[in-house]
Amino acid sequence: MNTLSVEKTDQRFSNTYSKLEQIARDILDHAKRGGASASETHVSDGFGQTVTVRKNEVETIEYNRDKGLSVTVYIGQKRGNASTSDFSPQAIRDTVNAALSIARHTADDACAGLADAVLLAETFPDLDLYHPWDLPVENAIALARSCEQAAFAVDKRITNSEGGCVSTDESQFVYANSLGFIGGYPYSRHSVSCVAIAEQNGAKQRDYWYSVARDVRDLETIEQIGRKAGKRTVARLDARQIATCEVPVLFEAPVAASLLGHFASAVSGSNLYRKSSFLLNCMGQQVFADNINIRELPHLPKGLASSVFDDEGVATTMRDVVENGVVLGYFLSNYSARKLGMQTTGNAGGVHNLIIDNGDPLSFEAMLKQMEKGLLVTELMGHGINTVTGDYSRGASGFWVENGEICYPVEEITIAGNLRDMFRGIAAIGNDIIVRGSKQSGSILIDHMTIAGG
């Protein structure tokens, strides 16, 4: 962590960064004295504010200040873990002692232990993840109110809302282990959202829009967010049901990222070693259409999932996870890698900015033209994913498309298929990427799926 970051955070957090470092060192020292052959700890501190305005009135104002630490100790191949939110010396000692007690009463696990020292991060470039937002609550209320008003201004049929919301969060952490590793950094996450409700002929519809970023300057404008929430809501009025059919399905960008999430889950170490994945032993196999590439970019400046090292201190690296449709890598922590007889990929804690593309992204309008006739999905409901078989069945709503044009909204339908077929059947990917988390994608067109209608 650089000096500038230390100076910035020390003025804002309840605990200075150097104090978090000292707490981490004290934990490791106490664990060693207590008989641990190895240990690791994660110490964090953060605060935030969330304001919600509904129908022009302040509905909620929430403040949070959070701190916590967790410690994992190893006595040989026995592992114990404990945590607390109390940073007093006695509470820290009690927490370490609790972890040691747990370890002494657990069975040996040949895969338990710290990551190999040679894999730990040694350099710590600044990824530009920390951008404080000095936002007085009065200003937050005004922004939330403006966002909601922008939604109401779209159409008189918008009669209600679930509110405009402005949220800001800042955190810092330190990870340290008994191999001598210690590192950490501050980070921020700010968001603005709006949920609108429209009514026509006694029927109501709701929709929303939101924007999230490390830096408030990268958020969509307050007015854009409110207008999009309003326009999306009005567009859903007079929704119909459709007959059961098998047609191409276009997943709009905000929901398309979920398909990338299903792939990441299927090739995550925990699902692979438990044999609860439909993509067992898929390394080197063709899983996607032959023009599909998926990259992991952990060092992306301001990335919502960027990190120099993972939750075990392992250095992260840019890599191709899928190339020309072929799987080249899994998502492994130290433990899951050992269970599989492999090496960690630096993914303890999750994936780091996955981006899918096919080398020839299309505009949203061009994707509608290519689909010609089918279903545009803008919302998914339920969790009908079988990770063992890949069977996919989820409630959905969206729009029916004819001749490459959106015709009318549809609701109360179910889309079904198998993720293996869906991945192979990706016919196009859009350039309309919306960044909201660790997985980034434009809209995705699947060549065919079954639609169960009314």
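Look up: the structure comes first, before these words.
Since the model is a prediction, treat every value here as computed from it, not as a measurement. (Residues numbered from 1 in each chain as written. Predicted model: local features only at pLDDT ≥ 70, side-chain atom pairs only at ≥ 80, totals over all residues. Heavy atoms only, no water.)

Undergrad: With reference to specific residues and values, describe the overall build of the protein chain.
TA: Secondary structure assignment for the protein chain yields ten helices and 17 strands. Computed over C-alpha atoms, the radius of gyration of the protein chain comes to 24 Å, within 12% of the 22 Å expected from 2.2 N^0.38 for 454 residues, which places it in the range of a compact globule. Projected onto its principal axes, the C-alpha positions of the protein chain cover 70 × 55 × 35 Å. A buried classification covers 52% of the 454 residues belonging to the protein chain. Relative to all contacts within the protein chain whose residues are 6 or more apart in sequence, the contacts with residues 24 or more apart total 71%. (Helix = DSSP H or I, 4+ residues; strand = E, 2+ residues; numbered from the N terminus. Rg over C-alpha atoms; globule rule 2.2 N^0.38 Å. Buried < 20%, exposed > 50% of the residue type's maximum accessible area, 1.4 Å probe, protein only. Contact = heavy atoms within 4.5 Å.)

Undergrad: Requested: an account of the sheet that holds strand 9 (residues 319-323), with residues and values cited.
TA: A sheet is described by the order of its strands in space; here five strands give the open sequence 10-9-8-11-16, paired in mixed fashion. In the strand order of this sheet, the two ends are held by strand 10 (326-327) and strand 16 (439-440), each with one partner. Sheet topology note: the strand 9/strand 10 ladder contains two bridges and is antiparallel. Within the sheet, the bridge partner assigned to Glu-323 lies in strand 10 and is Val-326. (Pairing = 2+ DSSP bridges.)

Undergrad: An account of the side chain of Arg-394 is requested, with residue identities and associated values reported.
TA: With respect to the helices, strands and loops of the structure, Arg-394 is situated in strand 13 (residues 391-402). Comment: no salt bridge for buried Arg-394; closest opposite-charge side chain is Glu-379, at 9.1 Å. One polar contact links the side chain of Arg-394 to the main-chain carbonyl oxygen of Gly-382, over a distance of 2.8 Å. For Arg-394, the residues in contact, after removing those within four places along its chain, are Ser-258, His-262, Leu-380, Met-381, Gly-382, Gly-384, Ile-385, Ile-413, Thr-414 and Ile-415. (Lys, Arg positive; Asp, Glu negative; His and termini not counted. Salt bridge = Lys/Arg side-chain N within 4 Å of Asp/Glu carboxyl O. Polar contact = N/O pair within 3.5 Å; in protein donor to acceptor, adjacent residues only side chain to side chain.)

Undergrad: Before we move on, could you go through the packing of helix 2 (residues 17-33) against helix 3 (residues 89-104) and cite the residues and values that matter?
TA: Put simply, helix 2 and helix 3 touch, their axes get as near as 10 Å, and they point 45° apart. Relative to helix 3, the element helix 2 is oriented oblique. In this structure, the crossing between helix 2 and helix 3 has a hand that is right-handed. Across from Ile-23, Ile-27, His-30 and Ala-31 in helix 2, the residues of helix 3 making contact are Ile-92, Arg-93, Val-96, Asn-97 and Leu-100. (Axes fitted to C-alpha atoms, helices over the stretch in contact; angles between N-to-C directions. Parallel < 35°, antiparallel > 145°, perpendicular 65-115°, else oblique. Left-handed = near helix turned anticlockwise from the far one by under 90°.)

Undergrad: So, the environment of Asp-126: which residues are in play, and what are the values?
TA: Examined against the element boundaries, Asp-126 turns out to sit in the loop between helix 3 and helix 4 (137-152). In this structure Asp-126 comes out as exposed when scored by relative accessible area, which is 56%. With 176 residues separating them along the chain, Asp-126 and Lys-302 place their C-alpha atoms 9.8 Å apart. Of note is the side chain of Asp-126, whose polar atom sits 2.9 Å from the backbone nitrogen of Asp-128.

These figures capture arrangement, not role.
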